[in-house]
Amino acid sequence: VPLVESGGGLVQAGGSLRLSCAASGRTFSMHVMGWFRQAPGKEREFVAGISSNGGRTNYADSVKGRFTISRDKNTVYLQMNSLKPEDTAVYYCAASSRILSVSRGEYDYDYWGQGTQVTVSS
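If you're wondering where the values come from, they're calculated on a predicted model, not measured in any experiment. (Residues numbered from 1 in each chain as written. Predicted model: local features only at pLDDT ≥ 70, side-chain atom pairs only at ≥ 80, totals over all residues. Heavy atoms only, no water.)

J.: Please clarify how the environment of Ile50 should be interpreted in this entry.
T.: Inspection of the secondary structure assignment puts Ile50 in strand β5 (residues 45–50). Classification of Ile50 by relative accessible area gives buried; the value is 2%. Considering only alpha carbons, one finds Ile50 and Arg71, 21 residues apart in sequence, at a separation of 7.9 Å. Beyond its immediate chain neighbours, meaning those up to four positions away, Ile50 contacts Val32, Met33, Arg56, Thr57, Ile69, Ser70, Arg71 and Val102. (Helix = DSSP H or I, 4+ residues; strand = E, 2+ residues; numbered from the N terminus. Buried < 20%, exposed > 50% of the residue type's maximum accessible area, 1.4 Å probe, protein only. Contact = heavy atoms within 4.5 Å.)

In structure tokens, the structure reads:
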């Protein structure tokens with residue numbers, strides 16, 4: 001698995017978590033990176049993405065203003081504030097070498113992590 005997520009857990013509504021996604025065995029410094037999530041019984045959905053140089057970001061409307069994506073050389077972060085119960089899901093990190101700008105489509109991404117569970121209690 002080339003990408004490894006960490007930082008998930010259980011938090012109360014209104015709380016914060018910071019997810020990390022680290023490259024394992026290869027570099028992703030030239031890749032567009034994204035975070036997706038999948039709640040039980042629902043399809044996987046785009047959460048946030050960042051360009052290879054970190055200069056451009058894109059967010060789902062549902063998380064805009066609450067989540068922040070960032071990156072350094074080989075790690076991508078997702079700072080999640082003001083969490084809501086509807087944010088509960090397995091969060092996945094993804095990387096793409098085929099696109100030049102952030103895509104919301106999961107099929108544009110080539111590499112995926114194993115996922116980390118985020119649970120927000122009300």
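J.: What is the right way to look at the state of the cysteines in this model?
T.: Joining two cysteines, a disulfide is a covalent bond between their sulfur atoms. Overall, the coordinates contain 1 disulfide when judged by the stated rule. Between the sulfur atoms of Cys21 and its disulfide mate Cys93 the distance is 2.0 Å. Note on the Cys21 and Cys93 pair: the S-S dihedral is about -80°, so by sign convention the disulfide is left-handed. Taken together, the residues span a long stretch of sequence, with Cys21 in strand β3 (residues 17–23) and Cys93 in strand β9 (residues 89–96) at a distance of 72 residues. In this pair, the class of Cys21 matches that of Cys93, namely buried. (Disulfide = S-S within 2.5 Å.)

J.: Just checking my understanding: could you explain the layout of surface pockets for this structure?
T.: Over the atoms, a rolled probe matching the size of one water molecule traces out where space is still vacant. Quantified by volume, the largest pocket comes out at close to 180 Å³. If you go around the largest pocket, you meet 14 residues; those closest to its centre are Arg37, Ala39, Lys42, Glu45 and Glu86. Of the residues assigned to the lining of the largest pocket, the class counts are 3 nonpolar, 3 polar and 8 charged. (1 Å grid on protein atoms, 1.4 Å probe; cavity = no way out; pocket = protein on both sides within 12 Å on 5 of 7 lines; lining within 4 Å. Points joined across faces, edges and corners; volume = space filled by probe spheres on them. Nonpolar A, V, L, I, M, F, W, Y, C, P; charged D, E, K, R; others polar.)

J.: What am I meant to see in the nonpolar core here?
T.: Nonpolar side chains tend to gather and get buried jointly when the protein is soluble and globular. If you look at the biggest cluster of nonpolar residues, it comprises 35 residues, and the most contacted ones within it are Met33, Trp35, Leu78, Met80 and Tyr91. Of all the secondary structure elements, the ones that give two or more residues to this core are β3, β4 (32–38), β5, β7 (67–71), β8 (75–80), β9 and β11 (116–121). Considering each element in turn, this core owes the most residues, 6 residues, to β9. Beyond its immediate stretch of four places on either side in the chain, Met80 contacts Gly15, Ser16, Leu17, Leu19, Arg66, Phe67, Tyr91 and Val118. (Core = buried A, V, L, I, M, F, W, Y, C linked by side-chain atoms within 4.5 Å.)

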